[in-house]
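Reading the structure
Read off the chains here:
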Amino acid sequence: MKWQGVIQQYRAYLPFADDVQIVTLNEGNTPLIRADRLAEQIAPKAGLKLYLKYEGLNPTGSFKDRGMTAAITQAVREGAKTVICASTGNTAASAAAYAARAGLRCLVLVPEGKIALGKLAASLAYGAEVISINGSFDDGLDMVRAIVERLPIALVNSVNPWRLEGQKTGSFEIIDQLGGQAPDWHCLPVGNAGNISAYWLGYKQYGKGLPRILGGQAAGSAPIVLGHVVEKPETLATAIRIGNPARWRQALEALDESGGIITAVTDAKILESWKLLARLEGVFVEPASATGLAALKQQIELGEIDPVGKTAVCILTGHGLKDPATAVDQATPPLTLPANVEALEAYLAASK
Ligand code: AN7
């Protein structure tokens, strides 16, 4: 059957009215890529079956589109004319795109100077009203939660339950792509904790086995690991620069019920895994998206996870082109040569 987005594909598992008008960009159906070179790097000779769920290949370049098709579909159903969210960037771009498609006004609040360029560019291109606040994502979330109490505006952050409904289709897809069974480990970055909560809902609902969940937080923004709010979250992985996750309680439930682990990884380790993904497997992601892999690598090194014969899926939440500045900062600058073949030949001779 032709793929027409996650609502159409998994309709039987979603609580939409029969006659709902679906707002979709044909999101989902992202590749689950076997990564043998990477597996050998992080767990030599262990026979680890490692898979990468490349969510950066969704229509707006991040996993957020799965939940956004659901949230915008339901907002339209309920008669909304305006939607709003706070965002570190990806939710903003996704909300802006689906709102454009549905003909809704869209406002997005982003932390000033802490949103990656690709996310800002996309949100503006889709015609959202982008509002920069001199505060964190958490401050923005407080603001949008308060404004929807006062004005008839639909909130499309993952505190909106429809976001989780759409997002949980990621679990269904992984199980389908693995031939009908769940992996042993499901590894992902944790920011506002919508994704971890949604995946766990999905695995439980599908009834085809349960993985253990491994959540990674950036060390400078690790409230769930620390057990307290982080007032001034910091990390180079700006997508997950969040100090007070809205779905904190549900994340703890997912971790507890699955026998899972939540751990903090340093920015250096996030970048290390980000580089391994690109250089060993040709998969370019934004830094936050490497946090699940960094957590897995770290827990294997610490002896907390035994990789032998296991199947692990790492959720790669956003595309590398979201954050071109970090990619360029991390690289050696390109070489400059005169425009002739002799110069190129001389370079190759010297660099053998
Ligand atoms: C690439 O866009 O919170 O734990 O406002 O963009 O469900 O929050 C983004 C989060 C991981 C964390 N990876 O997911 C936002 C926002 C990427 C992200 C996360 C985000 P949640």
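The shown structure was predicted, so the numbers you read here are calculated from the model rather than taken from an experiment.

With that settled, the discussion passes to the site of the ligand. Around the ligand, a shell composed of 22 residues is seen, among which N90, G191, N192, A193 and T317 lie nearest. In this structure, an oxygen atom belonging to the ligand sits 2.7 Å away from a main-chain N or O atom of N192. One of the backbone nitrogen or oxygen atoms of A193 is found 2.8 Å away from an oxygen atom of the ligand. The site holding the ligand turns out to be the largest cavity.

What follows deals with the sheet that holds strand β2 (residues 49–54). Overall, mixed pairing links the 6 strands, which are arranged β1-β2-β10-β7-β8-β9 in an open sheet. In this open sheet, the two edge strands, each paired with only one partner strand, are β1 (32–34) and β9 (261–265). Pairs of neighbouring strands in the sheet enclose a mean axial angle of 25 degrees, with direction left out of account. One ladder, built from 3 bridges, connects β1 with β2; its direction is antiparallel.

So, on to empty space enclosed by the protein. The final tally for this structure, using the stated rule, is 3 cavities of 30 Å³ or more. The computed volume of the largest cavity comes to approximately 350 Å³. Considering the residues around the largest cavity, the lining is formed by 29 residues, among which F63, K64, G191, N192 and A239 are closest to the centre. By residue class, the composition of the lining of the largest cavity is 11 nonpolar, 14 polar and 4 charged.

So, about the packing of helix α9 (residues 194–206) against helix α11 (residues 248–258). Remark: α9 packs on α11, axes separated minimally by 8 Å, with the N-to-C direction vectors making an angle of 45 degrees. When the interaxial angle is binned, α9 and α11 end up oblique. Where α9 crosses over α11, the two elements pack in a sense that is left-handed. Note on element contacts: α11 touches α9 through Q250, A251, E253, A254, L255, E257 and S258, opposite I196, S197, W200 and K204.

Moving on: the domain arrangement of the chain. The domains assigned to the chain are domain 1 (6–61 + 163–329) and domain 2 (64–160). Spacing between the C-alpha centres of domain 1 and domain 2 amounts to 22 Å. Counting residues at the interface gives 45 residues for domain 1, matched by 38 residues for domain 2. Regarding the contact of domain 1 and domain 2, the summed buried area is about 3300 Å², with carbon and sulfur atoms giving 52% of it. When the buried area of domain 1 at its contact with domain 2 is split by residue, V23, R163 and K322 rank highest and sum to 27% of it. Between domain 1 and domain 2 we count 5 salt bridges in total. On inspection of domain 1 and its partner domain 2, the count reaches 21 residue pairs in polar contact (both at pLDDT 80 or more).

About the criteria used
Residues numbered from 1 in each chain as written. Predicted model: local features only at pLDDT ≥ 70, side-chain atom pairs only at ≥ 80, totals over all residues. Heavy atoms only, no water. Near = heavy atom within 4 Å. Polar contact = N/O pair within 3.5 Å; in protein donor to acceptor, adjacent residues only side chain to side chain. 1 Å grid on protein atoms, 1.4 Å probe; cavity = no way out; pocket = protein on both sides within 12 Å on 5 of 7 lines; lining within 4 Å. Sits in = over half its atoms within 2 Å of the grid points. Pairing = 2+ DSSP bridges. Helix = DSSP H or I, 4+ residues; strand = E, 2+ residues; numbered from the N terminus. Axes fitted to C-alpha atoms, helices over the stretch in contact; angles between N-to-C directions. Points joined across faces, edges and corners; volume = space filled by probe spheres on them. Nonpolar A, V, L, I, M, F, W, Y, C, P; charged D, E, K, R; others polar. Parallel < 35°, antiparallel > 145°, perpendicular 65-115°, else oblique. Left-handed = near helix turned anticlockwise from the far one by under 90°. Contact = heavy atoms within 4.5 Å. Domains from an automatic or database assignment. Buried area = accessible area lost by both parts, 1.4 Å probe. Salt bridge = Lys/Arg side-chain N within 4 Å of Asp/Glu carboxyl O.

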